[in-house]
Amino acid sequence: MAFKKIDISELSLDPFTKIGKEWTLITGGSIDSYNTMTASWGQLGVLWNKNVFTCYIRPNRYTYEFIENGESFTVSFFSEQFRSALAFCGSHSGRDCDKASETGLTPSELDGSVTFSEADMVFVCQKLYSYDIQESGFLTDDGIPQQYYSSEPYHRAYIAEINAVYVKE
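Source: prediction; values computed, not measured. (Residues numbered from 1 in each chain as written. Predicted model: local features only at pLDDT ≥ 70, side-chain atom pairs only at ≥ 80, totals over all residues. Heavy atoms only, no water.)

## Overview of the environment of Lys 127
- Along the polypeptide, Lys 127 turns up in strand S9 (residues 121–132).
- Residue class for Lys 127 comes out partly exposed when judged on its relative accessible area of 22%.
- As for Lys 127 and Met 37, which are separated by 90 residues in sequence, their C-alpha atoms are 17 Å apart.
- With residues up to four places along the chain from it excluded, the contact list for Lys 127 reads Ile 67, Glu 68, Asn 69, Gly 70, Glu 71, Phe 73, Tyr 158, Ile 159 and Ala 160.
- A polar contact of 2.9 Å, which involves the side chain of Lys 127, links it to the backbone oxygen of Glu 68. (Helix = DSSP H or I, 4+ residues; strand = E, 2+ residues; numbered from the N terminus. Buried < 20%, exposed > 50% of the residue type's maximum accessible area, 1.4 Å probe, protein only. Contact = heavy atoms within 4.5 Å. Polar contact = N/O pair within 3.5 Å; in protein donor to acceptor, adjacent residues only side chain to side chain.)

Below is the structure:
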């Protein structure tokens, strides 16, 4: 499926639904060597006068290596018909399987970054800043560290400029 580039000002989306309920795939690496992971956490906004997307990746995730070592990554959004593919990508490691082959997703390249032909919309993002979430940074005592980090490492946040937005033609 072909994509067309649009101006970010043409976007009309509800990030709470798109990210939190419909999920997204975050993909790092090159077409020859990449990994993707499902995400249901993230933010869209403006920081440093740039349109940004912030994602959160645990250092034990295989995708972490690709995001950490690269300059850019994609955030790909899909229709509901691909829910099972996204569920698979969120529950299996690319260290152990070929997620694209297992799900039927077709890797493709946009602006030197990897996405999937089946996506409805893709952000091509360039990393600007990263930081590690730490227990000492929590300002409330509502159990978030215990709920989300009792057995898993804390996330690294990546703030990235959205350099391009593509939609299905």
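## A short note on the packing of aromatic side chains
- Taken as a whole and assessed by the stated rule, the structure comprises 8 aromatic pairs.
- Seen in terms of ring centroids, Tyr 34 and Phe 116 are 6.2 Å apart; in terms of plane orientation they differ by 70 degrees. Their pairing is edge-to-face. With a gap of 82 residues between them, Tyr 34 in strand S3 (residues 33–39) and Phe 116 in strand S8 (residues 113–116) connect regions that are remote in the sequence.
- The buried category is assigned to Phe 116, whose relative accessible area is 1%.
- Ring geometry for Tyr 129 and Tyr 131: centres 6.3 Å apart, planes at 40 degrees, overall tilted.
- Its relative accessible area of 34% is what places Tyr 131 among the partly exposed residues.
- Grouped by ring-pair contacts, the aromatic residues Trp 48, Tyr 129 and Tyr 131 constitute a single cluster.
- Here the guanidinium or amino end of Arg 83 rests over the ring plane of Trp 23, the centre of that ring lying 3.9 Å away. (Phe/Tyr/Trp six-rings, centres within 6.5 Å; stacked < 30°, edge-to-face > 60°. Lys NZ or Arg CZ within 6 Å of the ring centre and 35° of its normal.)

## Examining the nonpolar core
- If you look at the biggest cluster of nonpolar residues, it comprises 21 residues, and the most contacted ones within it are Ile 26, Phe 53, Ile 57, Phe 73, Phe 123 and Cys 125.
- Elements represented by at least two residues in this core include exactly S3, strand S5 (50–57), helix H2 (62–69), strand S6 (72–77), S9 and strand S10 (156–168).
- In this structure, Leu 25, Ala 100, Leu 110 and Phe 116 belong to the second largest nonpolar core, which totals 16 residues. (Core = buried A, V, L, I, M, F, W, Y, C linked by side-chain atoms within 4.5 Å.)

## Side note on the pairing of strand S2 (residues 24–30)
- In terms of burial, S2 is a largely internal element, 5 of the 7 residues being buried.
- Bridge analysis of S2 against S3 gives 7 bridges, and the strand direction is antiparallel. Note that in S3 the partner of Ser 30 across the bridge is Ser 33.
- Between S2 and the antiparallel strand that follows it, S3, lie 2 residues. (Pairing = 2+ DSSP bridges.)

## Points about a nonpolar patch on the surface
- Together, Leu 47, Trp 48, Leu 128, Tyr 129 and Tyr 131 give the surface a local cluster of nonpolar side chains, amounting to about 480 Å² of exposed area.
- By residue number, the principal contributor to the nonpolar patch is S9, which donates 3 residues.
- By the secondary structure assignment, Leu 128 is in strand S9. (Patch = residues over 30% accessible without salt bridge, like charges linked within 9 Å, V, L, I, M, F, W, Y side chains within 5 Å. Areas by Shrake-Rupley, 256 points an atom, 1.4 Å probe, with all protein chains shown as cover. Salt bridge = Lys/Arg side-chain N within 4 Å of Asp/Glu carboxyl O.)

## Observations concerning helix H3 (residues 83–91)
- Taken as a whole, H3 has its buried residues at Ala 85, Leu 86, Phe 88 and Cys 89. End-on, the buried residues of H3 take up no more than an arc of 155 degrees, which puts them together on one face. Exposed side chains of H3 directed beyond 90 degrees from the buried face belong to Ser 84 and Ser 91.
- Next to the buried residues of H3 lie S2, S3 and helix H4 (99–103). (Arc of directions from axis to C-beta.)

## Description of unusual backbone geometry
- In the Ramachandran plot, Asn 49 falls in the positive-phi region, its phi being about 60 degrees despite a non-glycine side chain.
- Secondary-structure assignment places Asn 49 in the loop between strand S4 (43–47) and S5.
- For Asp 111, which is not a glycine, the phi torsion comes out positive at approximately 50 degrees.
- For Asp 111, the position within the fold is in the loop between strand S7 (107–110) and S8.

Any functional reading would require information that these geometric values do not contain.
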